[in-house]
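# Secondary and tertiary structure notes
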Amino acid sequence: MTRDRSEACDTTTDIAIVGGGICGLTTAIALEQRGWEPSVYEAATEYRPIGAGLLLQTNALLVLERLGLADRVRAAGTPLGNSAIRSPDGRVLKRFDLDRIERTEFGYGFVAIHRADLQQILLDELDATVQTGMECERVIGTDSPTAKFSDGTRISPDVLVGADGIHSAVRDAVVSDVDLQSVDGVCYRSVVSVELPDRHRDHGLEVWGDGSYTGGAPLDDDRFYWFATVSDSTAAGLNGSQEVAAALRERFAAFPEPIPVVLDALDPDDIFATGLEDVPALDRWSRGSVVLAGDAAHGMLPFAGQGAAQSIEDALALADAIDRHPEPAAAFASYEAERRQRADGIRAEAHRLGRLGTVQSPFAARLRNLAIGLVPASLFRRFRRQRAARTSLPDRTLADGGPDA
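Only a predicted model underlies this, so the values are computations on that prediction, with no experimental measurement involved.

Conventions and cut-offs
Residues numbered from 1 in each chain as written. Predicted model: local features only at pLDDT ≥ 70, side-chain atom pairs only at ≥ 80, totals over all residues. Heavy atoms only, no water. Buried < 20%, exposed > 50% of the residue type's maximum accessible area, 1.4 Å probe, protein only. Helix = DSSP H or I, 4+ residues; strand = E, 2+ residues; numbered from the N terminus. Arc of directions from axis to C-beta. Pairing = 2+ DSSP bridges. Lys, Arg positive; Asp, Glu negative; His and termini not counted. Salt bridge = Lys/Arg side-chain N within 4 Å of Asp/Glu carboxyl O. Contact = heavy atoms within 4.5 Å. Patch = residues over 30% accessible without salt bridge, like charges linked within 9 Å, V, L, I, M, F, W, Y side chains within 5 Å. Areas by Shrake-Rupley, 256 points an atom, 1.4 Å probe, with all protein chains shown as cover. Core = buried A, V, L, I, M, F, W, Y, C linked by side-chain atoms within 4.5 Å. Axes fitted to C-alpha atoms, helices over the stretch in contact; angles between N-to-C directions. Phe/Tyr/Trp six-rings, centres within 6.5 Å; stacked < 30°, edge-to-face > 60°.

What follows is about helix α8 (residues 241-251). V244, A245 and L248 are the residues of α8 that are buried. All buried residues of α8 lie within an arc of 95° about the axis, which places them on one face of the element. Exposed residues pointing more than 90 degrees away from the buried face of α8 are listed as Q242 and E250.

Quick look at the structure:
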């Protein structure tokens, strides 16, 4: 439902969002709830129920609550009661009681959800029709930008939002020649149909091995989101999904449950493989009337579990800034001031965790695991509390009082 426009909203402003993933859809919803009518362009030819899982931490749920979506997300996913980091022999290195801080103090803990389920919730909430099959090839100009798509279509909006992912084409118009950073490793992901024992049905898990990192969380009673990393050299020696699945089952056979049970049920054709890359800190997130959000601005390694959450935070902050400032330059300056330091800090944290999680030396891995076990639980709790408390939630509400008005 389109809300009444605030005084700052210019009815003639044309806002185009390139990228119809989680960031682009959430940005469009936040704009619609402030009375704007954005257009969304997605490269995929259709939305299909494929992909892997997501772990939405407290900060993401707090933003989704502001948009009136948190309860639907919780219902579609699995709220986690606790999570743990274990060594390959099953020893608990650190345990996290998610009810103790997140749900008690902030009202929301962590929710594991299939990416496609979250995407569908966002699509159902959005009034605008997403134009699919629209792959952006490049953006010409920034003060009066023109986006050129692979089918020859050109658009020239007043404001162009680049939410087109880590390999963003829009980003080149803002900051040219950005080389992605990488760590040694390939990440495998899958959603596995498997019936888990009761004790694993609301628990997240990470296992830190030497040169391998694996874990996951239940998405519902019979689906588990699983992930694992192996070194580039190990992955290079594997050909075809059957060989990949067999090698992973062998590598993780002695790891703690439910990893072996999950891998036994793994369908090789459902495995997704991606390199471990992130976006270096950019000098700027905007230029003229073009602005970046989500992975286009700060694509990060998956080790902090914050990629989707930071994109969702961007969406609310950007929509709020556009609504408050009639000029794009002022809106984008406000948005960057609110978001860039936090997102870049978490991206850097994820990069450090990625290097720790993928160390190849068995001796270094043992030292790392020993160090994790010695870190006081109170320090982890303080860090989690600070992350949730610093969520970018603008104090301003919608013109008529909030998303449910």
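Residue P258 is bonded to the preceding E257 through a cis peptide linkage, with omega at 10°. Mapped onto the elements of the fold, P258 is located in the loop between α8 and α9 (259-264). Unusually for a residue other than glycine, D177 sits at a positive phi of about 55°. With respect to the helices, strands and loops of the structure, D177 is situated in the loop between α6 (171-174) and β13 (181-193).

Pairing geometry for strand β9 (residues 136-140) and strand β10 (residues 146-149), over 4 bridges, is antiparallel. Counted as the bridge partner of V139 is A147 from β10. The loop that links β9 with its antiparallel partner β10 comprises 5 residues; one of these, G141, has a positive phi angle of about 75°.

What follows concerns the sheet that holds β10. One open sheet accounts for 3 strands, arranged β9-β10-β11; its pairing is antiparallel. Looking along the sheet, the strands with just one partner apiece sit at the ends: β9 and β11 (154-155).

A word on the side chain of E42. The topology assignment puts E42 in the loop between β2 (39-41) and β3 (53-56). It is R48 that comes nearest to the buried, bridge-free E42 among opposite-charge side chains, at 9.6 Å. When residues no more than four places from it in sequence are discounted, the contact partners of E42 are G19, G20, G21, Y47, V130, Q131, T132, G133 and M134.

To continue, consider the pattern of salt bridges. For the structure on display, the rule yields 12 salt bridges. Of the charged contacts in the structure, one is a salt bridge between K148 and E137, with a shortest N-O distance of 3.0 Å. Within this pair, whereas K148 is found in strand β10, its partner E137 is found in strand β9, the two being separated by 11 residues in sequence. One salt bridge connects R324 with D320, and the closest N-O pair in it is separated by 2.7 Å. With R324 and D320 both in helix α11 (residues 307-324), this residue pair falls 4 residues apart, about one helical turn. The exposure class of R324 is partly exposed, given its relative accessible area of 28%. Residue classification places D320 among the buried positions, given a relative accessible area of 3%. Here the salt bridges share partners, and the residues they tie into one network are E313, D314, R339 and R342.

This brings us to a nonpolar patch on the surface. Where nonpolar side chains cluster on the molecular surface, the patch consists of F363, L367, L370 and L374 and spans about 440 Å² of accessible area. Classification of L367 as partly exposed rests on a relative accessible area of 45%.

Let us look at the nonpolar core. One finds L56, V73 and I322 to be the most contacted residues of the largest nonpolar core, which totals 71 residues. For this core, the leading source of residues is α11, giving 9 residues. Counting 25 residues, the second-largest nonpolar core is a separate cluster that includes F110, V191, Y225 and F303.

Checked against the element boundaries, F96 lands in strand β6 (residues 92-97). Sequence spacing of F96 and G81 is 15 residues, and the spatial spacing of their C-alpha atoms is 8.8 Å.

A word on the sheet that holds strand β4 (residues 78-80). The sheet built from 3 strands is open, its strands ordered β3-β7-β4 with antiparallel pairing. Pairing within the sheet leaves two strands with one partner each, and these edge strands are β3 and β4. Across this sheet, the average inter-strand angle for adjacent strands is 25°, counted without regard to direction. Where β4 meets strand β7 (residues 110-114), 3 bridges bridge the pair, whose relative direction is antiparallel. Looking at the pairing, P79 lines up with V111 of β7. Strand contacts of helix α2 (residues 58-66): β3 and β7, with the helix running at about 85° to β3, the strand carrying the most contacts. Contacting β3 and β7, helix α5 (residues 115-125) runs over the sheet at an angle of about 90° to β7.

Side-chain positions along a regular strand alternate between the two faces of the sheet. Burial of strand β12 (residues 159-162) is two-sided: the residues V159 and V161 facing one way and the residues L160 and G162 facing the other way are all buried. Bridging between strand β1 (residues 15-18) and β12 involves 4 bridges; their strand directions are parallel. In the strand pairing of β12, I17 is matched with V161. Relative to strand β19 (residues 290-292), β12 runs parallel, the two being bridged by 3 bridges. Looking at the pairing, G162 lines up with L292 of β19.

In this section: the packing of aromatic side chains. If you walk through the whole model with that rule in mind, you get 7 aromatic pairs. Geometrically, the ring pair formed by Y213 and F303 is tilted, given 4.9 Å between the ring centres and 55° between the ring planes. Of this pair, Y213 sits in strand β15 (residues 213-220) while F303 is found in the loop between α10 (295-298) and α11, placing the two residues 90 residues apart along the sequence. By relative accessible area, which is 5% here, Y213 ends up buried. Seen in terms of ring centroids, F252 and F255 are 4.9 Å apart; in terms of plane orientation they differ by 80°. Their pairing is edge-to-face.

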